[in-house]
Amino acid sequence: MKKLLIIQVAALGDQFARANDIVEPGGIKLSPADGMWPALTCSVQAGFRTGSDLGAHAMPGNGYFDRDLRKTYFWEQSASLVRGARIWDEFSKAGGSTAMLFWQQSLGERADMVLSPQPIHKHHGGMIENTYSKPGDLYQRLRAEIGSDFKLKHYWGPMASIKSSAWIADATAAMLSDRSLCPDLCMTYLPALDYDLQRDGPDSAKARAAAKAVSSQLEKVIGAALENGMEVVIFGDYAIAPVDGAAAPNVHLAQEGFLKLTRIRGMLYPDLHESRAFCMADHEIGHVYVKDEAEIESVRRVLACAPGVGEVLDRATQAEAGLDCERSGDLVVVAAEKKWIAYHWWTQKSEAPEYAAHVDIHNKPGYDPCELFFGWPPVKTGMDTDRVRGSHGKTGADRKVAFGSTIDFGSKTGSLLDLSRAVKTWLSDGVGI
C-alpha cells in the first residue's frame, strides 16, 4: 500500500518562502503554484480534499450565512459542510488508512484518525480545554508521547504562537514513527506562519523568526515520514500581503439604512432578521447578502464608494472570477490594495458589542484578526483594525503559493487544484497492488 504525508503550511507563499530561505525543507525543493480562489483556509482545504472548485465544494470562506435562519456560522467543524467526493475515497476503498490532523471541517470526515480542537465553553465564561480524538484514545497516546497537552491559547488569540504548530509537528512525527498508529495517508496542518505575518506583516522581523521555526518543524515531520518510507507533499494555502488599514462596508450599509442595528445597554448589535443587507467579512473578502433582489444595485453603489473597497462583484462577475456558489453573497466585495475587510459596524468604541473585545470566533459575523492582539485591560482583545499588518484572500501572479513533493508529478502542478488532482490520481493508481 502506498504511503503519503500531506503537509499544509499556513501562509507559505512562494515569495515569502524564497525571501526567508524556505526553499528545500527536508531536501524537498519548493516551486511556485497558483493558489485557490478565494485564498482562505476553509475554502482551500475544501478544494484540496475534493480536487474541486468553489462551485462544487461550496465553502466560500471560513464562514457562511444561512439565509433561512438569518445567521452566520464561522469555523464550524462538520465535514458535511464540504461537498463532494474526497481525493482519497478510492484509496480508502482499497484498504488505505487515513488520518487528518487539525484540518478544518474534519469532524465526521471519512478518515480513520482525526485530531481537532474542540473546547467546551462554560456557561459563565472561560472554557474547558478539549481536543477531539478519533479513535477516542488517539489524543491521549500522542499526548503521552509528546509529554504535554495541546493548548488552544497558542492556536488562536493574543497568545497564539509557534508553540501550537510545534505541538502538531511533534504529534505528527510521533504518529508516523509508531507502527501501530502510522496511517497510509496522513494530512496535517502547521499554522506557525499565520500569526506573526498577520500581526506584523510578511516583511517583519517576527515573520522571519516564524519562518525559521516552521522550517525546523518541517524538517522534523518530513524526517519522520521519510524514515518510515512515506512520500511527502508540502503546500502553502495562501500568501499573506502587507496591509495598512481596513475597509468597513457595514458602517456604510448602516449609515444608508440597509444594516439595521439594535442598541442594547449602549452597545450596537446587528438585527440580521430586519437588515436589508449586511457584509460577512473574511480577510480580504466580504460576502454581502441582500434580502430583496431589487435592492442589489442600490447596495452595490453604496459599497463601490466605500473607502478601502477595491471591487464589488455581482453574480455574473462572481461566476467569471470563480466565486459562483449558492452560499456566496449576492455581492462580493474585494479589498483594495493594502486593505482588508473588517466586520465592524460601529464608529465609536463605546458602541462596540460586548464580544468585539474578546476571542469569540462563533458569535462574530465575520473573521476578526484583532483577536490576535491584547487590548486593555489585558483580559480583553484589541479592536484597533490599524494594528493588523497582513491579510490574505486574493490570488494572482504576486500571490503564488509554494509547494513541493518527493513524487514527480510532471508538469501537472501549475496550481493547487492541479496538485490536488495529481495526488488523487497517484493515490488511486494501482491501489492494492
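Residues numbered from 1 in each chain as written. Predicted model: local features only at pLDDT ≥ 70, side-chain atom pairs only at ≥ 80, totals over all residues. Heavy atoms only, no water.

Remarks on unusual backbone geometry
Now for step 1: In the segment running from tryptophan 37 into proline 38, the intervening peptide bond is cis, with an omega of -5 degrees.
Now for step 2: Along the polypeptide, proline 38 turns up in the loop between β2 (31-33) and α2 (41-50).
Now for step 3: Geometrically, the link from lysine 134 to proline 135 is a cis peptide bond, its omega value of -5 degrees lying close to zero.
Now for step 4: The backbone phi angle of phenylalanine 102 is positive, close to 65 degrees, even though this residue is not glycine.
Now for step 5: According to the relative accessible area criterion, phenylalanine 102 is buried, its value standing at 1%. (Helix = DSSP H or I, 4+ residues; strand = E, 2+ residues; numbered from the N terminus. Buried < 20%, exposed > 50% of the residue type's maximum accessible area, 1.4 Å probe, protein only.)

Structural notes on the layout of surface pockets
Now for step 1: Taken as a whole, the largest pocket holds about 1,200 Å³ of empty space.
Now for step 2: Residue lining of the largest pocket: 47 residues in total, with His121, Leu152, Trp156, Val359 and Ile361 positioned closest to the centre.
Now for step 3: Within the residue set of the lining of the largest pocket, elements represented by two or more residues are β6 (113-117) and α7 (192-200).
Now for step 4: At three residues, the largest contribution of residues to the lining of the largest pocket is made by α7.
Now for step 5: Its residues assigned to classes, the lining of the largest pocket comprises 23 nonpolar, 17 polar and seven charged. (1 Å grid on protein atoms, 1.4 Å probe; cavity = no way out; pocket = protein on both sides within 12 Å on 5 of 7 lines; lining within 4 Å. Points joined across faces, edges and corners; volume = space filled by probe spheres on them. Nonpolar A, V, L, I, M, F, W, Y, C, P; charged D, E, K, R; others polar.)

A word on the environment of tyrosine 189
Now for step 1: The topology assignment puts tyrosine 189 in strand β10 (residues 185-190).
Now for step 2: Judged by relative accessible area, tyrosine 189 falls into the buried class, the value being 5%.
Now for step 3: In sequence terms tyrosine 189 and isoleucine 168 are 21 residues apart; their C-alpha atoms lie 7.5 Å from each other.
Now for step 4: The residues touching tyrosine 189, leaving out its near neighbours within four places in the chain, are Gln8, Ala10, Gln45, Leu101, Phe102, Trp103, Tyr155, Ile168, Asp194 and Asp237. (Contact = heavy atoms within 4.5 Å.)

Quick look at the sheet that holds strand β9 (residues 131-134)
Now for step 1: An order of β2-β22-β11-β1-β10-β5-β6-β9 is seen for the eight strands of this open sheet, with the pairing classed as mixed. In this open sheet, the two edge strands, each paired with only one partner strand, are β2 and β9. Looking at each pair of strands side by side, their axes are set apart by 15 degrees on average, direction ignored.
Now for step 2: In the sheet, strand β5 (residues 98-101) pairs with β6 via three bridges, with the strands oriented parallel. In the strand pairing of β6, alanine 99 is matched with methionine 113.
Now for step 3: Lying on the sheet, helix α5 (residues 138-146) is in contact with β6 and β9; it crosses β6 at an angle near 75 degrees.
Now for step 4: Most of the contacts of helix α8 (residues 205-227) go to strand β1 (residues 4-9), to which it runs at about 170 degrees, and overall it touches β1, β10 and β11 (231-236). (Pairing = 2+ DSSP bridges. Axes fitted to C-alpha atoms, helices over the stretch in contact; angles between N-to-C directions.)

Let's talk about the pattern of salt bridges
Now for step 1: Tallied over the entire structure, the rule returns 21 salt bridges.
Now for step 2: Across the salt bridge formed by arginine 141 and aspartate 178, the nearest N and O atoms sit 3.6 Å from each other. Here arginine 141 is found in helix α5, whereas its partner aspartate 178 is found in the loop between α6 (162-177) and β10, with 37 residues between them in sequence.
Now for step 3: Arginine 141 sits in the partly exposed class, given a relative accessible area of 36%.
Now for step 4: Owing to a relative accessible area of 25%, aspartate 178 belongs among the partly exposed residues under this scheme.
Now for step 5: Arginine 301 is the partner of glutamate 297 in a salt bridge, and the nearest nitrogen-oxygen pair spans 3.6 Å. In this pair, glutamate 297 and arginine 301 are both assigned in helix α10 (residues 296-304), four residues apart and thus about one turn of the helix distant.
Now for step 6: Taking the relative accessible area as the measure of exposure, glutamate 297 reaches 38% and is therefore partly exposed.
Now for step 7: Sharing partners across several salt bridges, the network here consists of Arg49, Arg86 and Glu109. (Salt bridge = Lys/Arg side-chain N within 4 Å of Asp/Glu carboxyl O.)

Some thoughts on the nonpolar core
Now for step 1: One finds Ile7, Leu193, Ile234 and Val423 to be the most contacted residues of the largest nonpolar core, which totals 136 residues.
Now for step 2: Tallying contributions element by element places α8 first for this core, with nine residues.
Now for step 3: In this structure, isoleucine 234 is in contact with Ile7, Val9, Leu12, Pro25, Ile28, Leu30, Leu218, Ile222, Ala402, Phe403 and Gly404, ignoring residues within four places of it in sequence.
Now for step 4: In this structure, Leu54, Ala58, Val332 and Val334 belong to the second largest nonpolar core, which totals nine residues. (Core = buried A, V, L, I, M, F, W, Y, C linked by side-chain atoms within 4.5 Å.)

Side note on empty space enclosed by the protein
Now for step 1: A complete count under the given rule lists two cavities of 30 Å³ or more for this structure.
Now for step 2: Here the largest cavity defines a volume of roughly 40 Å³.
Now for step 3: Forming the boundary of the largest cavity are Trp75, Trp156, Asp360, Ile361, Lys364, Gly366, Tyr367, Asp368 and Glu371.
Now for step 4: Each pocket or cavity is described by its volume, and for the second largest cavity that value is around 30 Å³.
Now for step 5: Around the second largest cavity sit Asn250, Leu259, Pro270, Leu272, Phe278, Cys279, Trp345 and Pro365, which together line it.
Now for step 6: Looking at the lining of the second largest cavity residue by residue, the classes come out as seven nonpolar, one polar and no charged.

Some thoughts on the environment of glycine 95
Now for step 1: Tracing the chain through its elements places glycine 95 in the loop between α4 (89-93) and β5.
Now for step 2: Using a relative accessible area of 51% as the deciding quantity, one classes glycine 95 as exposed.
Now for step 3: In this structure, the C-alpha to C-alpha distance between glycine 95 and aspartate 184, residues 89 residues apart in sequence, is 9.2 Å.
Now for step 4: Not counting residues up to four positions away in its chain, the partners in contact with glycine 95 are Met1 and Asp184.

Some remarks on the pairing of β9
Now for step 1: Every second residue of β9 is oriented toward a common face, the buried set being Thr131 and Ser133 and the non-buried set Tyr132 and Lys134.
Now for step 2: Bridge count between β6 and β9: four bridges; the pairing is antiparallel. Each bridged residue has a counterpart across the sheet, and for valine 114 the counterpart in β9 is lysine 134.

Details of the pairing of strand β15 (residues 267-270)
Now for step 1: Across four bridges, the pairing between strand β14 (residues 261-264) and β15 is antiparallel. Residue pairing in the sheet places arginine 263 in a bridge with leucine 268 of β15.
Now for step 2: Following β14, the chain reverses through two residues before pairing antiparallel with β15; arginine 265 in that reversal takes a positive phi of roughly 50 degrees.

That's the geometry; what it means functionally is another story.
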